[in-house]
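Each chain, written out:
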Amino acid sequence: MSLRLGDIAPDFEQDSSEGRIRFHEWLGDSWGVLFSHPADFTPVCTTELGLTSRLKDEFARRGVKVIALSVDPVESHVRWIDDINETQDTVVSFPIIADADRKVSERYDLIHPNANDTLTVRSLFIIDPKKKVRLIITYPASTGRNFNEILRVIDSLQLTDNHKVATPGNWQDGDEVVIVPSLQDEEEIRQRFPRGYRAVKPYLRLTPQPNR
Ligand code: BEZ
């Protein structure tokens with residue numbers, strides 16, 4: 001059965017461009033982003049890994065470790081990283097898993113035979129510090145992902161975990177947020193949201209972003 005939100009991200013041990021990785025141990029207490037790409041030395045993937053590398057400080061600020069994956073071997077990843085560094089104005093400093101035996105791909109359902117029976121699809125998982133899967137997306141091979149959107153989702157998840165708020169459609173950092181419906185205790189609401197809230201409907205309560 002494929003992986004679902006709320007499941008524990010499967011642990012694994014696999015080779016990578018930075019040596020052998022034991023996934024849960026490597027994650028430690030951090031958040032994680034695990035993302036697969038179809039193949040090394042392909043144009044869209046090259047831009048995606050370059051972009052992710054240039055966002056290094058943004059991921060670090062949020063306590064997130066990033067790791068990429070394809071079925072290409074370590075030697076290929078290492079040669080390709082040279083190309084990424086050369087063309088994308090960056091120095092890749094996260095590991096790329098070499099899933100040549102497809103051990104990880106099978107556990108994360110990364111090969112979709114009706115799309116391509118050998119290459120990994122363009123999937124991405126956000127994993128929280130308890131190792132729970134909090135986001136799963138799969139994009140077509142021909143469409144590069146928007147990594148600013150990944151950062152936006154991480155911000156939203158961390159706001160929910162830390163402040164009991166959810167984020168409206170198209171929310172951007174600093175916009176109003178919504179109080180989660182399960183929070184009904186008025187005393188707790190007053191303490192959590194000293195700037196107050198406005199109830200557009202009893203179930204739609206908007207408040208300034210608590211950490212801004
Ligand atoms: C790419 O990364 O450019 C790519 C990979 C597989 C299919 C199409 C594009």
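Description of the structure in this document.

Criteria and thresholds
- Residues numbered from 1 in each chain as written.
- Predicted model: local features only at pLDDT ≥ 70, side-chain atom pairs only at ≥ 80, totals over all residues.
- Heavy atoms only, no water.
- Near = heavy atom within 4 Å.
- Polar contact = N/O pair within 3.5 Å; in protein donor to acceptor, adjacent residues only side chain to side chain.
- Areas by Shrake-Rupley, 256 points an atom, 1.4 Å probe, with all protein chains shown as cover.
- Helix = DSSP H or I, 4+ residues; strand = E, 2+ residues; numbered from the N terminus.
- Nonpolar A, V, L, I, M, F, W, Y, C, P; charged D, E, K, R; others polar.
- Pairing = 2+ DSSP bridges.
- Buried < 20%, exposed > 50% of the residue type's maximum accessible area, 1.4 Å probe, protein only.
- Lys, Arg positive; Asp, Glu negative; His and termini not counted.
- Salt bridge = Lys/Arg side-chain N within 4 Å of Asp/Glu carboxyl O.
- Contact = heavy atoms within 4.5 Å.

1. A closer look at the site of the ligand
Pro-38, Thr-42, Pro-43, Val-44, Cys-45, Arg-122 and Ala-141 make up every residue found near the ligand. A distance of 2.9 Å is found between an oxygen atom of the ligand and a backbone nitrogen or oxygen belonging to Cys-45. About the coverage of the ligand: the protein hides 75% of its 270 Å² of free accessible area. With three residues, the single largest contributor to the shell around the ligand is helix α2 (residues 43-54). Here the residues of the shell around the ligand are counted per class, giving five nonpolar, one polar and one charged.

2. Some thoughts on the sheet that holds strand β8 (residues 165-166)
Within the open sheet, the four strands sit side by side as β8-β9-β11-β10. Their pairing is antiparallel. For this open sheet the edge positions go to β8 and β10 (198-201), each flanked by a neighbour on one side alone. Bridge analysis of β10 against strand β11 (residues 204-207) gives three bridges, and the strand direction is antiparallel. Opposite Ala-199, over in β11, you have Arg-205 as the bridge partner.

3. Observations concerning the side chain of Arg-205
Mapped onto the elements, Arg-205 comes out in strand β11. The buried charged residue Arg-205 lacks any salt bridge partner; its closest oppositely charged side chain belongs to Glu-186, at an N-O distance of 5.1 Å. Among the polar contacts listed, one links the side chain of Arg-205 to the backbone oxygen of Leu-183, at a separation of 2.7 Å. When sequence neighbours within four positions are dropped, the list of residues in contact with Arg-205 reads Val-177, Val-178, Ile-179, Val-180, Pro-181, Leu-183, Gln-184, Ile-189, Tyr-197, Arg-198 and Ala-199.

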